[in-house]
Amino acid sequence: MISLTSADLPDLENAACKDFILKELFFPETVRQEIDTLPLIKSICDPCVERQRCLQYALDHDIEYGFWGGLSATQRELLETTRKKKLKNKERISELLDMGLTLEDACSEVGILVESYRTSLNRKYPQKNTTQHNTEIEESK
Ligand code: SF4
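Residues numbered from 1 in each chain as written. Predicted model: local features only at pLDDT ≥ 70, side-chain atom pairs only at ≥ 80, totals over all residues.

Trainee: Explain the overall build of the protein chain to me, please; I cannot follow it from the model alone.
Mentor: In terms of regular secondary structure, the protein chain is built from 6 helices and 0 strands. Taken over 141 residues, the protein chain has a buried fraction of 19%. Counted over contacts in the protein chain with a minimum sequence separation of 6, partners at least 24 positions apart contribute 64%. (Helix = DSSP H or I, 4+ residues; strand = E, 2+ residues; numbered from the N terminus. Buried ≥ 20, exposed ≤ 12 C-beta atoms within 10 Å, placed from the backbone. Contact = placed C-beta atoms within 7 Å.)

Trainee: Can you walk me through the site of the ligand in this structure?
Mentor: Among the 15 residues in the neighbourhood of the ligand, the closest are listed as A15, C17, C45, C48 and C54. Of all elements in the fold, only α1 (31-45) and α2 (51-60) reach the threshold of two or more residues within the shell around the ligand. Of the residues that constitute the shell around the ligand, the class distribution is 11 nonpolar, 2 polar and 2 charged. (Near = placed C-beta within 6 Å. Nonpolar A, V, L, I, M, F, W, Y, C, P; charged D, E, K, R; others polar.)

Trainee: Would you explain the environment of A16 in this entry?
Mentor: Along the chain, A16 turns up in the segment before α1. Residues A16 and D46 lie 30 residues apart in sequence; the distance between their C-alpha atoms is 9.4 Å. Beyond its immediate chain neighbours, meaning those up to four positions away, A16 contacts I44, C45, P47 and C48.

Trainee: What am I meant to see in α2 here?
Mentor: Three or four residues apart is the spacing at which side chains of an α-helix point the same way, because the helix has 3.6 residues per turn. Turning to α2, its buried residues are R53, C54, L55, Y57, A58 and L59. Of the residues one or two after α2, D62 is the one with positive phi, at around 50 degrees.

Trainee: Could you clarify how one ought to interpret the environment of L113 in this entry?
Mentor: On the secondary structure map, L113 appears in the loop between α4 (103-110) and α5 (114-122). Between the C-alpha atoms of L113 and L103, which are 10 residues apart in sequence, the distance is 9.9 Å.

Trainee: Please clarify how the nonpolar core should be interpreted in this entry.
Mentor: As a rule of thumb, soluble globular proteins bury nonpolar side chains together. With 14 residues, the main nonpolar core has C54, L55, A58, F67 and W68 as its most contacted residues. Residue assignment for this core shows that the elements contributing at least two residues are α1 and α2. Once residues lying within four places of it in the same chain are set aside, the contact partners of W68 are C54, L55, Y57, A58 and I63. (Core = buried A, V, L, I, M, F, W, Y, C linked by C-beta atoms within 7 Å.)

Trainee: Can you help me understand the packing of helix α3 (residues 73-98) against α4 in this one?
Mentor: Interhelical geometry of α3 versus α4 gives an angle of 135 degrees and a closest axis separation of 9 Å. When the interaxial angle is binned, α3 and α4 end up oblique. In this structure, α3 crosses over α4, and the sense of that crossing is right-handed. Here α3 contributes N89, R92, I93, L96 and L97 to the contact with α4, which in turn contributes L103, A106, C107, E109 and V110. Of the residues that constitute the contact of α3 with α4, the class distribution is 7 nonpolar, 1 polar and 2 charged. (Axes fitted to C-alpha atoms, helices over the stretch in contact; angles between N-to-C directions. Parallel < 35°, antiparallel > 145°, perpendicular 65-115°, else oblique. Left-handed = near helix turned anticlockwise from the far one by under 90°.)

Trainee: What am I meant to see in the environment of C17 here?
Mentor: Along the chain, the position of C17 falls in the segment before α1. Residue C17 is classed as buried on the basis of its C-beta count, with 20 C-beta atoms lying within 10 Å. Distance from C17 to C45, taken between C-alpha atoms, is 7.6 Å for residues 28 residues apart in sequence.

Trainee: Can you help me understand unusual backbone geometry in this one?
Mentor: Note: most residues except glycine have negative phi, and most peptide bonds are trans. Positioned with a positive phi, D62 is a non-glycine residue whose angle comes to about 50 degrees. Positionally, D62 belongs in the loop between α2 and α3.

As structure tokens, then:
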């Protein structure tokens, strides 16, 4: 787990949670609390205009606790695992195409359907990048 300083925190000035009183609900301490809290958190985070940046921040910093961008730590871990697996598959398919295999054969070799591969090329996953930081989100949570 990393230690966040106020200088690291993103500028999410339009965060929907900014005035939410029960900030501790965003940081469940058990899996049971995480599951119980998820519907409420989703109702706050899903319409939040800062959701993507909030999620990106947590991914950029490998934050292993709390809800960020409407996703729990468990959900973010699953998202990252899926993203890495798909990236690995794309790299392997690219290698196989370079070796002269057809797309169908390359996908078969990797064990995915051609349509799944084509769909994954168009799907956007949060990317690792640098975000703006300030203290506002910490004060709002
Ligand atoms: S936790 Fe993130 S996504 Fe959820 S309301 Fe706050 S800023 Fe928005």
